[in-house]
Amino acid sequence: MTDVVVEPTVESLQSEIADLREQVGVALRLAQRAEDRGAIENLFNRYMYLHNAFQDEQIIPLWVKRGTPGIRARYTNAGQYTDYDSVIRYHQGRPTPEGKLILHYTTTPVIEVAADGQTAKGVWLMAGSESGLTDPEVAKESPEYMYSPGEVLGKRVWAHWVWCKYAIDFLRQDGEWKIWKFRCYELTRAPFEENWISFGEKNQHAFDLDLMYFGDDGRPVFMPKSDEPVPTEYHPYSPTTRQVLEPVPPVPHDTFEDTFK
């Protein structure tokens, strides 16, 4: 008994080639999406490393270029920034005061690259500490509960635990991923000596201010005038409110959706 060899037909070979091409196309798209996700995570991690080292001028190239439609940044309820110059102002001229420490570390990313490969969305949680020294005369301008007891080197001490959330939209521009729309939600903070529940009750007004950072001698530096009001207000933790899912983590999507307003 001999085996019968069935020669493939032209039609069957063409069908098999078409199937293989489709599989290769799917694999290439998945590989590209995985590569994009890694590049986006690196981009935001690089942002945070630079920010922690007060090297914000190096963050500017991580943003989309001047003239890009839809650029946006928002940090508090005081307003949002929709002009390139006002967005970038946040990263310009930041001092490196003696004794100041910022250590923000991000975790739990949820990143979704749009199916068209042109935009992506990501959310992160952040925990860390912020601290510095303030000239006693300057400290009188801020509430006493912001500071720790005593002085170090003749200055008042502020040392806070801080927790935030980030929601960021990214745009592929000239073949590279760039930060396009940026939103920071401060979840809560607390001085080293106090719990976040009692501090949260007394610090609710802070999110309505436009404080940018504490500069030399601990002097507060405020944000430039915002370009427009915020469409909705956000408030950090309070002992009298319930937690909500904000921002909502991104889900798979085909094209850009403006969900982090």
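Look a little higher up for the structure.
**What about the overall build of the protein chain?**
Reasoning step 1: When helices and strands are tallied, the protein chain shows four helices and nine strands.
Reasoning step 2: Start at the N end of the protein chain and walk to the C end: the helices and strands fall as α-β-β-α-β-β-α-β-β-β-α-β-β.
Reasoning step 3: Along the three orthogonal principal directions, the C-alpha set of the protein chain runs to about 100 × 40 × 35 Å.
Reasoning step 4: Among the 261 residues that make up the protein chain, the fraction classed as buried is 43%.
Reasoning step 5: Summed over all atoms, the accessible surface of the protein chain reaches about 14,700 Å², with 56% contributed by carbon and sulfur.
Reasoning step 6: Charge separation in the protein chain, taken as the distance between the mean sites of 27 positive and 40 negative side-chain charges, equals 4 Å.

**Observations concerning unusual backbone geometry**
Reasoning step 1: Of note, the bond from E246 into P247 is cis; its omega dihedral lies within 30 degrees of zero at 0°.
Reasoning step 2: Looking at where P247 falls in the secondary structure, it is placed in the segment after β9 (220-222).
Reasoning step 3: One non-glycine residue, L153, lies in the positive phi region at around 55°.
Reasoning step 4: Checked against the element boundaries, L153 lands in the loop between β5 (151-152) and β6 (155-173).
Reasoning step 5: For L153, a relative accessible area of 78% gives the class exposed.
Reasoning step 6: Notably, D217 is not glycine yet its phi reads approximately 60°, a positive angle.

**Here's the deal with the side chain of D169**
Reasoning step 1: Take D169: it is sitting in strand β6.
Reasoning step 2: In this structure D169 touches A120, K121, K178, I179, W180, K181, F256, D258 and F260, once residues within four positions along its chain are discounted.

**Section: the environment of R94**
Reasoning step 1: Here R94 lies in the loop between α2 (84-89) and β3 (101-113).
Reasoning step 2: Sequence separation between R94 and G79 is 15 residues, and the spatial gap between their C-alpha atoms is 20 Å.
Reasoning step 3: Apart from residues no more than four positions distant in its own chain, R94 is found in contact with H51, D56, M212 and Y213.
Reasoning step 4: Separated by 3.0 Å, the side chain of R94 and the backbone oxygen of Y90 make a polar contact.

**A short note on the nonpolar core**
Reasoning step 1: Among the nonpolar cores identified, the biggest contains 38 residues, and Y47, W63, Y166, F170, I179 and F182 are the most heavily contacted of them.
Reasoning step 2: Going through the elements one at a time, α1 (10-52), β1 (72-76), α2, β3, β4 (119-134), β6, β7 (176-191) and β8 (211-214) are the ones with two or more residues in this core.

**A look at the layout of surface pockets**
Reasoning step 1: Of the pockets and cavities examined, the largest pocket occupies roughly 910 Å³.
Reasoning step 2: Lining of the largest pocket is provided by 42 residues; of these, E130, E186, R189, L211 and M212 occupy positions nearest its centre.
Reasoning step 3: In this model, the second largest pocket occupies a volume close to 170 Å³.
Reasoning step 4: Taken together, 14 residues form the lining of the second largest pocket, with H235, P236, R242, Q243 and V244 sitting closest to its centre.
Reasoning step 5: Taken together, the residues of the lining of the second largest pocket sort by class into five nonpolar, five polar and four charged.

**Quick word on the pairing of β8**
Reasoning step 1: As judged from the three bridges shared by β8 and β9, these two strands associate in the antiparallel manner. Note on β9: the bridge partner recorded for F214 is P220.
Reasoning step 2: Hairpin connection between β8 and β9: a loop of five residues separates the two successive antiparallel strands, and D217 in this loop has a positive phi of roughly 60°.

**Focus: the side chain of D36**
Reasoning step 1: Secondary-structure assignment places D36 in helix α1.
Reasoning step 2: With residues up to four places along the chain from it excluded, the contact list for D36 reads V113, R172 and W177.

**Observations regarding a nonpolar patch on the surface**
Reasoning step 1: A surface patch of nonpolar side chains, amounting to about 310 Å² of accessible area, comprises L101, L103 and Y105.
Reasoning step 2: Topologically, Y105 is positioned in strand β3.

**Examining the state of the cysteines**
Reasoning step 1: Counted according to the given criterion, the structure contains zero disulfides.
Reasoning step 2: Left without a disulfide partner, C164 is nearest to the cysteine sulfur of C184, which lies 4.1 Å away.
Reasoning step 3: Given the relative accessible area of 6%, C164 is considered buried.

Conventions and cut-offs
- Residues numbered from 1 in each chain as written.
- Predicted model: local features only at pLDDT ≥ 70, side-chain atom pairs only at ≥ 80, totals over all residues.
- Heavy atoms only, no water.
- Helix = DSSP H or I, 4+ residues; strand = E, 2+ residues; numbered from the N terminus.
- Buried < 20%, exposed > 50% of the residue type's maximum accessible area, 1.4 Å probe, protein only.
- Areas by Shrake-Rupley, 256 points an atom, 1.4 Å probe, with all protein chains shown as cover.
- Lys, Arg positive; Asp, Glu negative; His and termini not counted.
- Charge placed at Lys NZ, Arg CZ, Asp CG, Glu CD.
- Contact = heavy atoms within 4.5 Å.
- Polar contact = N/O pair within 3.5 Å; in protein donor to acceptor, adjacent residues only side chain to side chain.
- Core = buried A, V, L, I, M, F, W, Y, C linked by side-chain atoms within 4.5 Å.
- 1 Å grid on protein atoms, 1.4 Å probe; cavity = no way out; pocket = protein on both sides within 12 Å on 5 of 7 lines; lining within 4 Å.
- Points joined across faces, edges and corners; volume = space filled by probe spheres on them.
- Nonpolar A, V, L, I, M, F, W, Y, C, P; charged D, E, K, R; others polar.
- Pairing = 2+ DSSP bridges.
- Patch = residues over 30% accessible without salt bridge, like charges linked within 9 Å, V, L, I, M, F, W, Y side chains within 5 Å.
- Salt bridge = Lys/Arg side-chain N within 4 Å of Asp/Glu carboxyl O.
- Disulfide = S-S within 2.5 Å.

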